[in-house]
Every structure is written in structure tokens, then in C-alpha cells.
Amino acid sequence: MMEAAMERQSADWVDTVPSPWEVVLAAAWRRRALAAVNQVTLNEARVIASRQMVEGWVLCAYSERFPAPVLNTARQREELLANNLAEVAHRLASAGAPAVVIKSGLEARPQGDDSPIAAAEYGDIDLVVGRDGWGPSLATLRNWGAVEDQGPLEPHKKMVRPARGPAAHLHRDAEWFGIRAIRADQLRACSEPLGNGALLPSRPAALCLIVAHGIFQNLCFDLSELLEVRRLADPPTVDEASRMAEGWGWGRAFAAALRDVRSASRALDEGCPIRLPVPLPGLRCLREGWRHSVYLGVAGEPAAALREAILRPALVVAKERRRRLDR
């Protein structure tokens, strides 16, 4: 599988005949194209990049090598993201339920920066609307798209899917598998207006959200997330994000996960092979999950604490099994 193949790659970035992984890493991590890349390798690289949510970087680096329909599809995907986000933000603000847009890649983005963002490849727009905004949000979006339940493992989420483009993925809080990482009111307090009726997390809050997604849901970080952490994690931001995560009950998990991400980033900087996605150690994930469940219990949320204590072992086992199958 891809991860195992990545571990076997040479540390040399510019081989005579670059591998698909080398093409992806050069385009996304170093923002450059490699010489002597044949079309078969380039097509394989695009498949890998899509799985790592960095297809846009490969298309940018080799734009002259891909047919117009492929490039047009990518541009249309970005346009639909912008259009749907603007429409949903306006509707929610008009309904008195302004949303916080999370994991968008728009945070701390300089004006004029047109580099690819992974949000265009996710297929949905993540929006935290709070418990107070839950009813109004669903009411105002019902005539925009079809409302879908996320199932028993995601009890506080709804997907609203329009006819075209990314869906609106509504969250009551920043939570995964029903386990709250950041309350909506806390997230609003460290966000600012985006200009379209929605709110955008501050730079430190954005870093927290990326790391929280790895800690609470995926137990790993893909290449697009490594890129976002590298973009956001300057020393002042890390200091403030660390304080935030500590106040939200998962400071130690944040620090440990960030160390893993930075270690992987240093390896990529040095041209060394790494495993992608970057996995978080299972036993540590168990320990940090139980520590957070204790925090929730002390904070007066016994049901959420019990849910995390029960679900965390199952999540770790499921992720470890998936990693073994992917080797």
C-alpha cells in the first residue's frame, strides 16, 4: 500500500526517474516540479496526492502536463467551494446563527495567496453553529440542500447536501464522534469576522483545530495537515495554541501530537522517507483519551466523559487494524 511504499523510498529527492511519491512531495512540500517525470508516473502521483488532499499542488506544479478538463475541474471545485461557503454563511447569519468555519485553510492567509487549499478537496464545508444555532441553521438550510444524519457515532452533526458543490457539515461544537474538543462559545470567542457573515478562527485556534482533528478523529495526520501545521505553527502561535488546548482539557495530547508532526516535517525538510499519514501511537492515544474523559467528568459532563472512555479503545483498535491492512 501507499504508506509502506513511502517508507521504502530513497531519501534522495531528485532521482533519475522520480517515483510518484517523490513527485507528490516535491510539488506539495517544496513547491517545485521534478525533471524526467513521465506521464504514467504523473498520473499515479495525482492519485496519491488526491488521497493526501494535495492534488491541487501537483496540478499547479505540472499544469502544462495535464489536459484542460482536469485543470478546469479543479478550478470549478474551488469556485464551488467559494460560492457555497458564501451562500451558506449569508443564510446562517441572516437566520441569527453565524457559523465558525473550521479546517478551511483560510485562516491567517495573506491577501492574494492563491495557493491550493485542502478544503477544496474535502467535499464539504465544516461549520460550528453551536447548540443555540442548531435549530435556526437547519431551518434556514433545508431549502438549500438535503439534510442527512451522520449516524449514531456522530450524534451532533448534520450534512446539508446541495445540488452542486461542497455540502455544509454542521457541528454543534468542535467535536468528533460525539466527544467535544472545543465548545462553540469558546471557539466564537477566539474567532473573527470573515466578511461574509461567518467567523474564522484565529491563527492559534486554527492550529488547535488541525491538531484536534488528528487527536480526536483520525489518530494521524495526512500531508495536507502537515502543510497547514507548517504554515501556522510559528513560536507565538504555538505558545498561544498550547495555552488554549490546556484550558480545553487536552493540552498534553496537543503537545505530544505537535511533536510528532514537527518530527515528520523535519524529516521531509531533510529529504528523509516517512510514513504517511503520520500515525499517532495507539497506547498514547488511549492514555490521552482517558485523561480527557476525566477532564470532561470533572467539568460536569459525565455523559460525554463516559462516551469517550467507552469509544476511545474501539477507535484505537479500528485505526490500528486499518493501518495493518494498509501496509
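Residues numbered from 1 in each chain as written. Predicted model: local features only at pLDDT ≥ 70, side-chain atom pairs only at ≥ 80, totals over all residues. Heavy atoms only, no water.

### What to know about the packing of aromatic side chains
Phase 1: Using the criterion set out here, one finds four aromatic pairs in the structure.
Phase 2: With a centroid separation of 6.4 Å and an interplanar angle of 15 degrees, the aromatic rings of Trp176 and Phe216 are classed as stacked. Placement of the pair is Trp176 in strand E6 (residues 174-176) and Phe216 in helix H9 (residues 203-218), with a sequence separation of 40 residues. As far as the burial class goes, Trp176 and Phe216 line up, both buried.
Phase 3: Ring plane angle 85 degrees and centroid distance 5.7 Å describe the contact between Phe216 and Trp250, whose orientation is recorded as edge-to-face. Here Phe216 is found in helix H9, whereas its partner Trp250 is found in the loop between helix H11 (235-247) and helix H12 (251-269), with 34 residues between them in sequence. Taken as a pair, Phe216 and Trp250 share a single burial class, namely buried. (Phe/Tyr/Trp six-rings, centres within 6.5 Å; stacked < 30°, edge-to-face > 60°. Helix = DSSP H or I, 4+ residues; strand = E, 2+ residues; numbered from the N terminus. Buried < 20%, exposed > 50% of the residue type's maximum accessible area, 1.4 Å probe, protein only.)

### Focus: unusual backbone geometry
Phase 1: Here the amide bond leading from Leu276 into Pro277 is cis, since omega sits at -5 degrees, within 30 degrees of zero.
Phase 2: Within the fold, Pro277 resides in the loop between H12 and strand E11 (278-279).
Phase 3: With phi around 55 degrees, Lys103 is a residue other than glycine that occupies positive phi space.
Phase 4: Lys103 gets classed as buried once you look at its relative accessible area, which sits at 17%.
Phase 5: Even without a glycine there, the phi angle at Leu219 is positive, about 55 degrees.
Phase 6: Along the polypeptide, Leu219 turns up in the loop between H9 and strand E10 (220-221).
Phase 7: A relative accessible area of 2% places Leu219 in the buried class.

### What to know about the pairing of strand E2 (residues 124-128)
Phase 1: Among the five residues in E2, five count as buried, and that is most of the element.
Phase 2: Residues Asp124, Asp126 and Val128 of E2 are buried on one face, and the alternating residues Ile125 and Leu127, pointing to the opposite face, are buried as well.
Phase 3: Relative to E2, strand E1 (residues 100-102) is paired through three bridges, and the arrangement is antiparallel. From the neighbouring strand, Val100 faces E2, where its bridge partner is Val128.
Phase 4: Two elements, E2 and strand E5 (residues 167-171), share five bridges in a ladder whose sense is parallel. Bridging across to E5, Leu127 finds its partner in Leu170. (Pairing = 2+ DSSP bridges.)

### Overview of H9
Phase 1: With 16 residues, H9 extends 22 Å between its outermost C-alpha atoms, agreeing within 8% with the 22 Å of an ideal straight helix rising 1.5 Å per residue.
Phase 2: Counted residue by residue, H9 has 14 buried out of 16 residues, so it is predominantly covered.
Phase 3: Where H9 terminates, the next one or two residues include Leu219, which has phi positive at roughly 55 degrees. (Expected span 1.5 Å × (residues − 1).)

### Some details on helix H7 (residues 130-141)
Phase 1: Taking 1.5 Å as the rise per residue, H7 with 12 residues should run 16 Å; its terminal C-alpha atoms sit 15 Å apart, in good agreement.
Phase 2: The set of residues buried in H7 consists of Gly130, Gly133, Trp134, Ser137, Leu138, Thr140 and Leu141. Down the axis of H7, the buried set is contained in an arc of 160 degrees. They therefore lie on one face. For H7, the exposed residues set more than 90 degrees away from the buried face come down to Arg131, Asp132 and Ala139.
Phase 3: Its buried side turned inward, H7 meets helix H5 (68-94), E2, strand E3 (146-149), strand E4 (157-161), E5 and helix H8 (184-189). (Arc of directions from axis to C-beta. Contact = heavy atoms within 4.5 Å.)

### Comments concerning the packing of helix H10 (residues 223-232) against H12
Phase 1: Orientation of H10 relative to H12, taken along the N-to-C sense of each, is 95 degrees, at an axis distance of 10 Å. If you check the angle between H10 and H12, you find them roughly perpendicular. Contact with H10, carried on its side by Leu223, Leu226, Val229 and Arg230, involves Leu258, Val261, Ala264, Leu268 and Asp269 of H12 and no other residues of that element.
Phase 2: Partitioned by chemical class, the residues of the contact of H10 with H12 number seven nonpolar, no polar and two charged. (Axes fitted to C-alpha atoms, helices over the stretch in contact; angles between N-to-C directions. Parallel < 35°, antiparallel > 145°, perpendicular 65-115°, else oblique. Nonpolar A, V, L, I, M, F, W, Y, C, P; charged D, E, K, R; others polar.)

### Notes on the pattern of salt bridges
Phase 1: Going through the model one piece at a time under the given rule, you end up with 19 salt bridges.
Phase 2: A salt bridge links Asp132 to Arg188; the shortest N-O distance between them is 3.0 Å. With Asp132 in helix H7 and Arg188 in helix H8, this residue pair connects regions lying 56 residues apart in the sequence.
Phase 3: A salt bridge links Glu320 to Arg323, with the shortest nitrogen-to-oxygen separation between them at 3.2 Å. Residue Glu320 and its partner Arg323 are both found in helix H14 (residues 302-326); the two are separated by three residues, about one turn of the helix.
Phase 4: Residue Glu320 is classed as partly exposed on the basis of its relative accessible area of 26%.
Phase 5: Shared partners join several salt bridges into a network, and the residues in it are Arg46, Glu55 and Arg77. (Salt bridge = Lys/Arg side-chain N within 4 Å of Asp/Glu carboxyl O.)

### Looking at the environment of Arg203
Phase 1: Residue placement: Arg203 occurs in helix H9.
Phase 2: You can call Arg203 partly exposed: its relative accessible area is 26%.
Phase 3: Residues Arg203 and Ala241, 38 residues apart in the sequence, show an inter-C-alpha distance of 8.4 Å.
Phase 4: Setting aside chain neighbours within four positions, we find Arg203 in contact with Ala108, Arg231, Leu232, Asp234 and Thr237.
Phase 5: A polar contact is formed between the side chain of Arg203 and the side chain of Asp234, at a distance of 2.9 Å.
Phase 6: Polar side-chain contacts of Arg203 include one of 3.2 Å to the side chain of Thr237. (Polar contact = N/O pair within 3.5 Å; in protein donor to acceptor, adjacent residues only side chain to side chain.)

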